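Coordinate analysis (summary)
Here is how the chains run, residue by residue.
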Amino acid sequence: MTDDQQSTVLYEVKDRKAYLTLNRPERLNAIDFRMPGDIAAAVRRANDDPEVHVIVLQGAGRAFCSGYDLKTSAEDGAGTQGATDGNTVWDPIKDFAWMKGFTDDFFTLWRSLKPTIAKVHGYAVAGGSDIALSCDLVVMAEDARIGYMPSRVWGCPTTAMWVYRLGAERAKRMLLTGDTIDGQAAADWGLVLDAVPVGELEARVEELADRMAGVPVNQLAMQKLMINQAYDNMGLHGTQILATLFDGITRHSPEGRWFQQFAATHGFHEAVKWRDSGRWIPDGGGPVPTAQDLEE
């Protein structure tokens, strides 16, 4: 069975597996303001269905997920307080409530009683990495890319799963640079379960999901709850609160305002190109680069 085509997340059940497909392929499945809630609704639907034992999350088109849609959030300023009038005083709790809602929606994949598998091809970057790393298991194509580039400016990963999956040093390696790595490196580091040639990705995920699908749902739930509790004992929820507050600060800091104004002036593609190139991001913001600066 399939859901209607209007949702940002398509839903299908087959052979005790629920397939959740991020469905904005024309935008590389970039996250709009509907997608987090659509993910949570699909996860609840799968958990309520006694026929479903395993949830597989995937992306339509050329990528798993390219992160938040910067056309909307950076270029147009949606969700950035004061981006359009320049006068609104930032309300950190209003921003926190908004972003914590998105984070909790993503984390329904982690809190789901039924196991979740992310099948990653193309890109799982920025907010897309938050979604992928909220799943219990991640299988990537070897040539897929994962990373959190907004750690350079205008973001903090609200799920905080980089440190819980990688440990402190490699999490710092990723988040202090904003670099991306391919699927093979991600598997070698232990960030994800496995990496396979892109042509073998579907078969590998199906093999794994089928192996779990034969286990009773109550057994799956108890094993998952026990393992997740260890992470909760390490302070996962508190870390996510801090990360979500910091994410709001990064988007409303002087440097964050500079980045948003850059995107509004020259388009988000140019702003992202500057951010990811390693070029200097001025402390305290400052003038937005000119068109001539972009050509140098």
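A brief report on the enclosed structure follows. (Residues numbered from 1 in each chain as written. Predicted model: local features only at pLDDT ≥ 70, side-chain atom pairs only at ≥ 80, totals over all residues. Heavy atoms only, no water.)

Within the secondary structure layout, G238 lies in helix α11 (residues 236-252). Residue class for G238 comes out partly exposed when judged on its relative accessible area of 43%. Distance in space between the C-alpha atoms of G238 and A160 is 10.0 Å, their sequence separation being 78 residues. (Helix = DSSP H or I, 4+ residues; strand = E, 2+ residues; numbered from the N terminus. Buried < 20%, exposed > 50% of the residue type's maximum accessible area, 1.4 Å probe, protein only.)

Next up on the list: the pairing of strand β4 (residues 116-120). Residues in a regular strand point their side chains to alternate faces of the sheet. Taken across its 5 residues, β4 has 5 buried, putting it largely inside the fold. Alternating residues of β4 divide into T116, A118 and V120 and I117 and K119, and every residue in both groups is buried. The pairing of strand β3 (residues 54-59) with β4 spans 3 bridges and is classified as parallel. Among the inter-strand pairings, V56 is bridged to a residue of β4, identified as I117. One ladder, built from 4 bridges, connects β4 with strand β6 (residues 137-141); its direction is parallel. In the strand pairing of β6, V120 is matched with M140. (Pairing = 2+ DSSP bridges.)

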